[in-house]
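# An overview of the molecular structure
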Amino acid sequence: MIKNYFKTGFRNLWRNKNFTVINIAGLAVGIAVCLVIFLIIQFELSFDKFHPKKDRIYRVLTELHSEDGMHVSAGVPFSLPKTMHNDYPGLVSTAVFSDGNDQIILPDEKNGQEVKKFMEEKGVFFAEPAFFEIFNYPLLIGEYNSLKDPNTAVITKEIANKYFGDWHQAIGKTIKRKKQVYTITGILKTIPQNTDMQLKIVASYATLKSLYGTVDWVSVANNHCFYFLLPEGATQSSMDQQLLAFTKKYKKDDIARNIEFSQPLSQVHFDKESGNFLDRTVSKGMINALWMIAAFILLIACVNFVNLSTAQAVNRAKEIGVRKVLGGNKTQLRFQFFSEVTIIALLAVLLSVIITVGSVPYLNKILQLPFSFDIAQHPSILYFLFLITIAVIGLAGFYPAVVLSRFNPITAIRARMAARSNKGVTLRRGLVVFQFVIAQALIIGTLIIVRQMDLFRNSPVGFDKHAVLNVSFPDDSTNLAKLNFLHDELMRVKGVRSVSFGFGSPADNGNWYSNFRYNQSAKETDWSANLKWADASYLSTYNIPLVSGRNVQASDTVREYLVNETLVKRLGISDPAEVLNKQLDIWDGQMPGPIVGVIKDFNAVSLREGMAPVIISTMKQFYGKAGIKIEMAQSGETIKAIGKIWGNVYPEYVYEPKFLDTVIDNFYSQENRLSKLYRIFALLAIFLSCLGLYGLASFMAVQRVKEVGVRKVMGASVRSIIFLFSKEFIILISIAFVIAAPLAWLYMHDWLQDFVYRTRISGWILLLAGVSASVIALLTISVKAIQAAVANPIKSLRTE
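This is a predicted model, so every value here is computed, not measured.

### Looking at the overall build of the chain
In terms of helices and strands, the chain carries 25 helices and 25 strands. In the chain, which comprises 800 residues, the share counted as buried stands at 52%. Counted over contacts in the chain with a minimum sequence separation of 6, partners at least 24 positions apart contribute 81%.

### Details of the pattern of salt bridges
Counting across every chain of the model gives 15 salt bridges. With a closest N to O distance of 3.5 Å, Lys249 and Asp87 form a salt bridge. Of this pair, Lys249 sits in helix H7 (residues 236-250) while Asp87 sits in helix H3 (residues 80-87), and the two are 162 residues apart along the sequence. Close ionic contact of Arg550 with Glu560 constitutes a salt bridge, the shortest N to O distance being 2.6 Å. Separated by 10 residues along the polypeptide, Arg550 in the loop between strand E19 (546-549) and strand E20 (561-564) and Glu560 in the loop between E19 and E20 bring together distant segments of the chain.

### Regarding the sheet that holds strand E25 (residues 658-659)
On the basis of which strands lie adjacent, the open sheet formed by four strands has the order E15-E24-E14-E25 and antiparallel pairing. A single partner strand is all that each edge strand has here, and the edge strands are strand E15 (496-502) and E25. As defined by bridge partners, strand E14 (residues 468-472) adjoins E25 across two bridges and the pair is classed as antiparallel. Across the sheet, Leu469 pairs through a bridge with Phe659, a residue of E25. In this fold helix H19 (residues 635-649) packs onto E14, E15, strand E24 (625-630) and E25, with an angle of close to 150° to the strand it touches most, E24.

### Thoughts on a nonpolar patch on the surface
Taken together, the side chains of Leu350, Leu351, Ile354 and Ile355 present a nonpolar region at the surface, about 340 Å² in accessible area. In this structure, Ile354 sits in helix H11 (residues 330-367).

### What about the packing of H3 against H7?
Interhelical geometry of H3 versus H7 gives an angle of 115° and a closest axis separation of 12 Å. In terms of their interaxial angle, H3 and H7 are classed as roughly perpendicular. The handedness of the crossing between H3 and H7 is right-handed. The segment H3 lies against H7, with Leu80, Thr83, Met84 and Asp87 engaging Met239, Leu243, Phe246, Lys249 and Tyr250. Split into classes, the residues belonging to the contact of H3 with H7 amount to six nonpolar, one polar and two charged.

### Some words on the side chain of Gln452
With respect to the helices, strands and loops of the structure, Gln452 is situated in helix H14 (residues 422-458). Within the structure, Gln452 has its side chain in polar contact with the backbone oxygen of Tyr757 (distance 3.0 Å). Setting aside residues up to four positions removed in sequence, Gln452 forms contacts with Trp751, Leu752, Phe755, Tyr757, Arg758 and Thr759.

### Points about the packing of helix H16 (residues 483-491) against H19
Relative orientation of the contacting elements H16 and H19 amounts to 155°, with a least axis distance of 10 Å. The angle between the axes of H16 and H19 places the two elements in the roughly antiparallel class. Here H16 and H19 pass one another in a crossing that is right-handed. For the pair H16 and H19, the contacting residues are Phe485, Leu486, Glu489 and Leu490 in the first and Ile642, Ile645, Trp646 and Val649 in the second. For the contact of H16 with H19, a count of residues per class yields seven nonpolar, no polar and one charged.

### Points about the packing of aromatic side chains
Applying the stated criterion across every chain, the model contains 33 aromatic pairs. Their ring planes at 40° and their centres at 6.0 Å tell us that Trp646 and Tyr655 sit as a pair that is tilted. Among the aromatic residues, ring-to-ring pairing joins Phe50, Phe131, Phe132, Phe135, Tyr137, Tyr144 and Tyr227 into one connected group. Here the guanidinium or amino end of Lys284 rests over the ring plane of Phe270, the centre of that ring lying 4.7 Å away. One residue, Arg570, lies across the ring of Trp527, its end atom 4.6 Å from the ring centre.

### Structural notes on the nonpolar core
Core analysis: the biggest nonpolar cluster contains 115 residues, and Phe371, Phe463 and Phe681 have the highest contact counts within it. With 15 residues, the top contributor of residues to this core is helix H2 (residues 17-45). Dropping the residues within four chain positions of it, Phe463 is found in contact with Pro506, Ala507, Tyr542, Asn543, Ile544, Phe602, Asn603, Leu660 and Ile664. Counting residues in each nonpolar core, the second largest holds 45 residues, with Val493, Trp527, Ala529 and Tyr623 among its members.

### Some words on the side chain of Ser505
With respect to the secondary-structure elements, Ser505 resides in the loop between E15 and strand E16 (512-514). There is a polar contact of 2.8 Å between the side chain of Ser505 and the backbone oxygen of Ala507. Engagement of the side chain of Ser505 in a polar contact is seen with the side chain of Asp508, the distance being 3.0 Å. Those residues in contact with Ser505 that lie beyond four places of it in its chain are Asn470, Lys532, Tyr538, Tyr542, Lys625 and Leu660.

### Quick notes on H3
Within H3, burial applies to Leu80, Pro81, Thr83 and Met84. With its buried residues spanning 170° around the axis, H3 presents them on a single face. Seen from the buried face of H3, the exposed residues on the opposite side, beyond 90 degrees, are Lys82 and Asn86.

### Topic: H7
Relative to the 21 Å expected for 15 residues at 1.5 Å per residue, H7 spans 21 Å between its end C-alpha atoms, a close match to the ideal helical length. Those residues of H7 that sit buried are Met239, Leu243, Phe246 and Thr247. For H7, the buried positions fall inside an angular range of 90° around the axis, keeping them on one side.

### Overview of the pairing of E14
Within E14, five of the five residues are buried, which leaves the element mostly enclosed by the surrounding structure. Of the pairings in the sheet, the one linking E14 to E24 comprises five bridges and is antiparallel in character. Pairing of Ser472 across the sheet is with Lys625, part of E24.

### Side note on the environment of Leu539
Looking at the element boundaries, Leu539 is found in helix H17 (residues 538-542). The sequence separation of Leu539 and Ser500 amounts to 39 residues, and the corresponding C-alpha distance is 8.7 Å. Excluding residues that lie within four positions of it along the chain, Leu539 makes contacts with Ile544, Leu546, Asn551, Leu562 and Ile599.

### Digging into the environment of Asp87
Here Asp87 falls in the partly exposed class, since its relative accessible area comes to 30%. Not counting residues up to four positions away in its chain, the partners in contact with Asp87 are Phe246, Lys249 and Tyr250. A distance of 2.7 Å separates the side chain of Asp87 from the side chain of Tyr250, its partner in a polar contact.

### Side note on the state of the cysteines
What is meant by a disulfide is a covalent connection between two cysteines, made through their sulfur atoms. Evaluation of the coordinates by the stated rule reveals zero disulfides. No disulfide involves Cys302; its sulfur sits 8.6 Å from that of Cys34, the nearest cysteine.

Conventions we followed
- Residues numbered from 1 in each chain as written.
- Predicted model: local features only at pLDDT ≥ 70, side-chain atom pairs only at ≥ 80, totals over all residues.
- Heavy atoms only, no water.
- Helix = DSSP H or I, 4+ residues; strand = E, 2+ residues; numbered from the N terminus.
- Buried < 20%, exposed > 50% of the residue type's maximum accessible area, 1.4 Å probe, protein only.
- Contact = heavy atoms within 4.5 Å.
- Salt bridge = Lys/Arg side-chain N within 4 Å of Asp/Glu carboxyl O.
- Pairing = 2+ DSSP bridges.
- Axes fitted to C-alpha atoms, helices over the stretch in contact; angles between N-to-C directions.
- Patch = residues over 30% accessible without salt bridge, like charges linked within 9 Å, V, L, I, M, F, W, Y side chains within 5 Å.
- Areas by Shrake-Rupley, 256 points an atom, 1.4 Å probe, with all protein chains shown as cover.
- Parallel < 35°, antiparallel > 145°, perpendicular 65-115°, else oblique.
- Left-handed = near helix turned anticlockwise from the far one by under 90°.
- Nonpolar A, V, L, I, M, F, W, Y, C, P; charged D, E, K, R; others polar.
- Polar contact = N/O pair within 3.5 Å; in protein donor to acceptor, adjacent residues only side chain to side chain.
- Phe/Tyr/Trp six-rings, centres within 6.5 Å; stacked < 30°, edge-to-face > 60°.
- Lys NZ or Arg CZ within 6 Å of the ring centre and 35° of its normal.
- Core = buried A, V, L, I, M, F, W, Y, C linked by side-chain atoms within 4.5 Å.
- Arc of directions from axis to C-beta.
- Expected span 1.5 Å × (residues − 1).
- Disulfide = S-S within 2.5 Å.

Structural data, given as structure tokens:
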């Protein structure tokens with residue numbers, strides 16, 4: 001019996017090839033979108049879940065309290081790890097410090113000369129042996145305990161192959177980083193992609209402690225983290241109480257307000273404020289939004305199926321009438337229809353898998369996510385496909401099966417369908433409205449995200465970011481002594497207009513904050529300023545204007561200070577000239593000097609954040625990056641000439657220039673990826689919605705074929721008939737717009753609150769989305785409307 005259902009189903013589907021192809025294509029696209037979103041979410045939710053002790057792994061966060069409010073940092077004071085080990089000897093804990101943008105050199109073992117050099121943007125860590133007791137990063141060869149000793153390191157298999165050709169030969173070899181030579185004592189297995197710690201090199205934390213020398217309870221670096229393993233039977237709340245008592249014990253005066261507390265490993269990947277070593281977080285809200293988009297797009301695809309199926313019901317009316325006259329009952333007719341839906345659903349799932357496999361490499365590239373379609377590694381994909389198949393069969397098959405099985409055999413044989421009831425038409429119209437609510441909401445969201453990205457790219461930042469090369473250089477004393485010579489050589493290059501050396505560019509990935517004393521006050525400010533260590537050419541290279549006073553004089557140490565307008569306002573002073581020649585001091589009297597100039601405000605951080613107070617002063621020992629203003633007319637030749645000089649001055653250092661505007665654009669890489677993803681979803685939602693419109697237009701064309709014939713005989717024009725078909729859909733799309741616009745506005749308004757500098761949701765954005773959807777819909781409808789309008793009325797009326 002079941003075999004007969006499927007055999008008949010195949011025949012019916014083959015007889016209506018166009019209907020079958022459109023249905024399979026629509027469902028396949030909808031299922032493919034769900035599958036891709038499932039793969040993305042599965043990847044994001046799997047971060048660091050492969051650690052056997054994951055439920056007991058916590059990191060310590062620091063609450064920083066100031067006049068600005070409370071901020072949370074992933075970093076801890078440099079004194080905390082050693083003190084914690086002493087006070088809690090039974091606690092398995094480790095300090096982790098990630099040092100990005102590292103120059104790695106391979107010295108020749110015979111003569112000590114540099115033979116190879118590499119630049120690692122990320123992945124260089126300092127840790128204690130206990131790090132590997134907490135986290136599961138297995139070794140291929142070697143031992144973890146070697147990291148107790150200074151100047152030792154373990155590296156990954158991939159890095160060992162990259163540096164030495166064959167990882168089997170790497171043990172005992174040496175690498176050099178900032179004049180420190182490390183002996184390779186272990187090789188790590190391949191690090192999984194779904195971890196926030198993408199290790200490449202793990203050097204001994206003991207080396208880092210010897211480099212830092214004295215430590216304190218004040219300094220907090222975001223990448224100086226402290227992880228621990230919660231003891232068996234202990235709770236997070238009890239641990240937080242101990243941490244509070246611990247920090248109050250050692251912190252005095254104002255810094256006692258900055259307390260430590262714990263955070264489970266499961267929250268690290270989703271903590272946008274504190275961040276992680278991967279520099280990429282995903283909010284739980286975004287995960288939920290993706291699930292909603294997947295559900296809505298699948299619903300749109302199923303709605304299309306319903307509309308197309310009911311549109312075809314007229315053609316099957318006589319078939320169903322004959323079946324009923326010959327003894328067929330409703331249950332048998334429903335089984336027949338569900339067998340056809342099952343065939344379509346299975347073919348759609350198969351096609352969706354092909355679409356997904358083909359699109360994953362493209363999506364990996366634009367989203368920069370290494371998720372994959374690997375059933376062997378992720379068997380949950382099969383369970384998801386099974387649930388999707390069942391859901392599609394139920395959602396897409398139920399209503400058409402009920403409608404078709406209810407046909408009255410007498411009226412069906414006379415081709416007077418029961419499906420012509422207003423109830424059926426109303427439901428289909430409601431489904432179309434639902435489709436376009438989703439589609440238009442996605443269009444509105446996409447337009448707002450694109451507009452916000454344009455604001456990031458085009459908003460003035462207060463300095464000249466164009467045609468400026470940023471190049472890192474070694475910051476040890478020997479190489480810093482070469483800066484004057486390097487400056488003179490660079491200025492001789494044709495196309496180089498200005499050169500400045502400093503800790504970083506005006507807007508940079510690395511920022512240094514500190515409190516300070518103003519005008520010899522007894523107490524430091526209750527808020528911190530962004531420190532910019534730079535030479536006297538900084539203002540001219542980046543075209544930062546002075547508001548009052550003068551520029552700092554050339555010096556290798558701190559002699560004078562520049563401050564920005566925001567800092568002056570934070571001091572409660574309205575006239576910038578009033579702060580000139582007033583004493584400014586940071587680090588408890590270590591670096592006093594007069595304020596000689598006030599500069600115009602510029603955005604020292606991304607546009608997500610507000611204008612920060614800024615202090616600029618000369619301090620050569622903190623310099624590590626050159627800003628080189630060039631002429632773009634012959635930029636290629638200029639960059640090569642700069643590279644040649646760099647190789648002569650720093651033969652052991654990798655020359656890696658980056659344009660400053662590209663660096664700043666990378667601040668918004670996550671929003672940019674989100675923008676691309678929303679564009680894809682919006683296009684697919686429109687595509688699927690138009691399939692639904694095509695289905696309803698087809699249904700109406702079949703239902704009103706005789707009406708159209710009568711109208712043509714009575715003299716109606718083709719244009720009037722096209723208008724007859726279109727006006728109803730314009731009303732439906734307008735209703736959808738009225739619903740979608742406020743919903744999209746509310747959601748996107750909430751999303752924009754994450755940015756201090758944000759675009760305004762203008763009325764024209766909402767209107768553009770509505771007009772775009774209407775135009776696309778009308779183009780879709782016009783296909784069926786024109787077919788109906790130009791049809792020969794004799795054919796439609798001959799049976800009357």
